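# Report on the structure
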Amino acid sequence: MNSISVDGVVIPNFNKNTSKYSISTSKSSISLTASKTDKMSTVTGTGNKSLKCGSNSFVISVKAENGNIRKYTVLINRVCNESSDLNDIIISGGVLSPSFSANIYNYTVQLDDKTENVSIKGVKSNPTQKIVGEVTNKKIGYGKTKISLVVTSQTGKTSTYSITFVKKDNRDDNNLLSSLSLSSGNIVFDPNTFEYEIKVLNDITKIEVLAVPAKETSSVKITGNDNLKVGNNVIKIDVKSEKGTIKSYLIKVNRLKEGETLGNNANIKSLSVEGYSLPFDYNKTDYKLV
């Protein structure tokens, strides 16, 4: 062999009687070529070669016309960067806490309630690194949202940087009603009483419900107030606060059978005055107490 070249450059100090050579490179692939001493010889083992990180061994064989074979070994050390640490983390809003350091992997960012989106970008410490997890204008919810950047070095080593965004939640959490009225049936409404029972006549198949939330930012959903069947029915009133929590008011409706009445007994069962004796008779409507 007259010479062996790597990417078109002859290996320094090449000697046809020396069968092993070592070189270093940072490339991921190289091209091996060889120049024969005898044009009748055949050469194998040359061409484009992919390189892994670390040591790579390639054998170039020269076969003479008489069948004799001479082998040359080229050891190529691919130098790879092992660092998986970042130089910095850039975020679109807020401030990293603690301040960025390559060997600190967990951060917190406080956001106000007006922030809707965030972007995160990692700054590589060398161009061979690969970063997974970067985001652009990612929608951010209330409370805590964790986003991680996974950095992989040229040798496969990984580092994970985690950023927890904490978005303030100043939304109102009031999910009560201020008033509740029905087109049929009587209730004594209390915002903190969540179950009621009423009876309606047989000809009532639908009850209009007027439910007013205590806060304008709350929403109300009413179900079960139409197509009432004979017997037991349940009207459900869901009050959803601005924050998203829900309280439910239930009205149990007994739709009477045809011919049944609500009753005409207007008497009270008992009557008393604390600290005094009052002989009660439901037929007597006037009393005098000294």
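We now turn to the structure provided with this report. Computed from a prediction, not measured in an experiment: that's the story for all the values here.

## Let's talk about the pattern of salt bridges
Enumeration according to the criterion identifies five salt bridges in this entry. Here Glu208 and Lys206 are joined by a salt bridge, their closest N and O atoms 3.6 Å apart. A residue is classified by how much of its surface remains accessible, and Glu208, at 46% relative accessible area, is partly exposed. Of the charged contacts, one joins Asp238 and Lys236 as a salt bridge, the two residues approaching to 4.0 Å between their closest N and O atoms. Owing to a relative accessible area of 34%, Lys236 belongs among the partly exposed residues under this scheme.

## Points about the nonpolar core
Within the largest apolar cluster, 18 residues are counted, with the highest numbers of intra-cluster contacts made by Ile89, Ile120, Leu149, Ile163 and Phe165. Residues contacting Phe165, with those up to four places away along its chain left out, are Ile91, Gly93, Val109, Leu111, Val118, Ile120, Ile140, Gly143, Lys144, Thr145 and Ile147. Counting 17 residues, the second largest nonpolar core, distinct from the first, contains Tyr196, Ile207, Ala211 and Ile237.

## Some remarks on unusual backbone geometry
That bond from Ser97 to Pro98 is cis: its omega, 0 degrees, falls within 30 degrees of zero. Of note, Pro98 is situated in the loop between strand 9 (86–91) and strand 10 (106–111). A positive phi is found at Asp7, a non-glycine position, where the angle reads about 50 degrees. Tracing the chain through its elements places Asp7 in the loop between strand 1 (3–6) and strand 2 (9–10). By relative accessible area, Asp7 is classed as partly exposed at 33%. Positive phi, close to 50 degrees, is recorded for Asn137, a residue that is not glycine. With respect to the element layout, Asn137 can be found in strand 13 (residues 135–139).

## A few points about the side chain of Ser41
As for its position among the elements, Ser41 is in the loop between strand 4 (29–35) and strand 5 (42–44). Of the residues examined, Ser41 reaches a relative accessible area of 8% and is grouped as buried. Among all residues touching Ser41, those that are not within four sequence positions of it are Lys36, Val62, Lys63 and Ala64.

## Regarding the sheet that holds strand 4
If you trace the four strands from one edge of the open sheet to the other, you get 2-1-4-6, paired in antiparallel fashion. Since the sheet does not close on itself, it has two edges, and those belong to strand 2 and strand 6 (47–50), each with one partner. The sheet contact formed by strand 1 and strand 4 spans four bridges and is antiparallel. The residue bridging Val6 from the neighbouring strand is Leu32, located in strand 4.

## Digging into the state of the cysteines
Applying the stated criterion across every chain yields a total of one disulfide. A disulfide bridge connects Cys53 with Cys80, and the sulfur atoms are separated by 2.0 Å. On the S-S bond that ties Cys53 to Cys80, the torsion sits near -95 degrees, and the link is left-handed. Residue Cys53 is located in the loop between strand 6 and strand 7 (54–63), and its partner Cys80 is located in the loop between strand 8 (69–78) and strand 9; the two are separated by 27 residues in the primary sequence. The exposure class of Cys80 is buried, given its relative accessible area of 16%.

## Overview of the sheet that holds strand 7
Taking strand neighbours across the sheet as the criterion, the four strands line up as 3-8-7-5 in an open arrangement whose pairing is mixed. Every other strand in the sheet has two partners, leaving strand 3 (20–25) and strand 5 as the edge strands with one partner each. Here the strands of the sheet are splayed against their neighbours by 20 degrees on average, with no regard to which way each runs.

## Considering the packing of aromatic side chains
What the rule picks out here adds up to nine aromatic pairs. With 6.0 Å between their ring centres and 20 degrees between their planes, Phe100 and Tyr107 make a pair best called stacked. A ring pair is formed by Tyr105 and Tyr161, whose centres lie 4.9 Å apart and whose planes are at 50 degrees; its orientation type is tilted. Taken as a pair, Tyr105 in the loop between strand 9 and strand 10 and Tyr161 in strand 15 (residues 158–167) lie far apart in primary sequence, 56 residues in all. Residue classification places Tyr105 among the partly exposed positions, given a relative accessible area of 29%. Exposure remark for Tyr161: the relative accessible area of 0% places this residue in the buried category. Pairwise contacts between aromatic rings join Phe100, Tyr105, Tyr107 and Tyr161 into one cluster. Note that Lys167 overlies the ring of Tyr142, its terminal NZ or CZ placed 4.5 Å from the centroid.

## Notes on the environment of Asn233
Relative to the helices and strands, Asn233 resides in strand 20 (residues 231–240). The class of Asn233 is buried, set by a relative accessible area of 10%. Asn233 sits 22 residues away from Arg255 along the chain, and the two C-alpha atoms are 7.6 Å apart. Beyond its immediate sequence surroundings of up to four residues, Asn233 is in contact with Leu228, Ile251, Lys252, Val253 and Arg255. Polar side-chain contacts of Asn233 include one of 2.8 Å to the backbone oxygen of Lys229.

Conventions used here
- Counting from 1, residues in each chain are numbered in the order their sequence is written.
- Reporting of local features is limited, given that this is a predicted model, to residues whose pLDDT is at least 70; pairs of side-chain atoms are given and counted only at 80 or more, and all residues count toward the totals for whole chains, interfaces and linings.
- Only hydrogens and water are set aside when side-chain values are computed; all heavy atoms of the structure are taken into account.
- The rule for a salt bridge is simple: a side-chain nitrogen of Lys or Arg has to be within 4 Å of a carboxyl oxygen of Asp or Glu.
- Each residue gets one of three labels from its accessible area relative to the maximum for its type: buried under 20%, exposed over 50%, partly exposed in between, using a 1.4 Å probe on protein chains only.
- Note on terminology: a nonpolar core comprises buried Ala, Val, Leu, Ile, Met, Phe, Trp, Tyr and Cys residues joined through side-chain atoms within 4.5 Å.
- Residues count as neighbours in contact if any of their non-hydrogen atoms are within 4.5 Å of one another.
- By definition, any uninterrupted DSSP run of H or I lasting at least four residues is a helix, any uninterrupted run of E lasting at least two residues is a strand, and each is numbered from the N terminus.
- Note on pairing: two strands pair once DSSP finds at least 2 bridges between them.
- When two cysteine sulfur atoms lie within 2.5 Å, the pair is treated as a disulfide.
- Geometry is summarised by axes, namely lines fitted to C-alpha atoms with helices restricted to the contacting stretch, and by angles between N-to-C directions that run from 0 to 180 degrees.
- Stacked, tilted and edge-to-face are the three classes applied to pairs of Phe, Tyr and Trp rings, where Trp contributes its six-membered ring and a pair requires centres within 6.5 Å; stacked means planes under 30 degrees apart, edge-to-face means over 60, and tilted covers the rest.
- The criterion is that NZ of a Lys, or CZ of an Arg, lies within 6 Å of the ring centre and within 35 degrees of the ring normal, and then a charge sits over that ring.
- Any pair of nitrogen or oxygen atoms within 3.5 Å is treated as a polar contact; in protein, a donor-acceptor pairing is required on top of that, and neighbouring residues in sequence qualify only through side-chain atoms on both sides.

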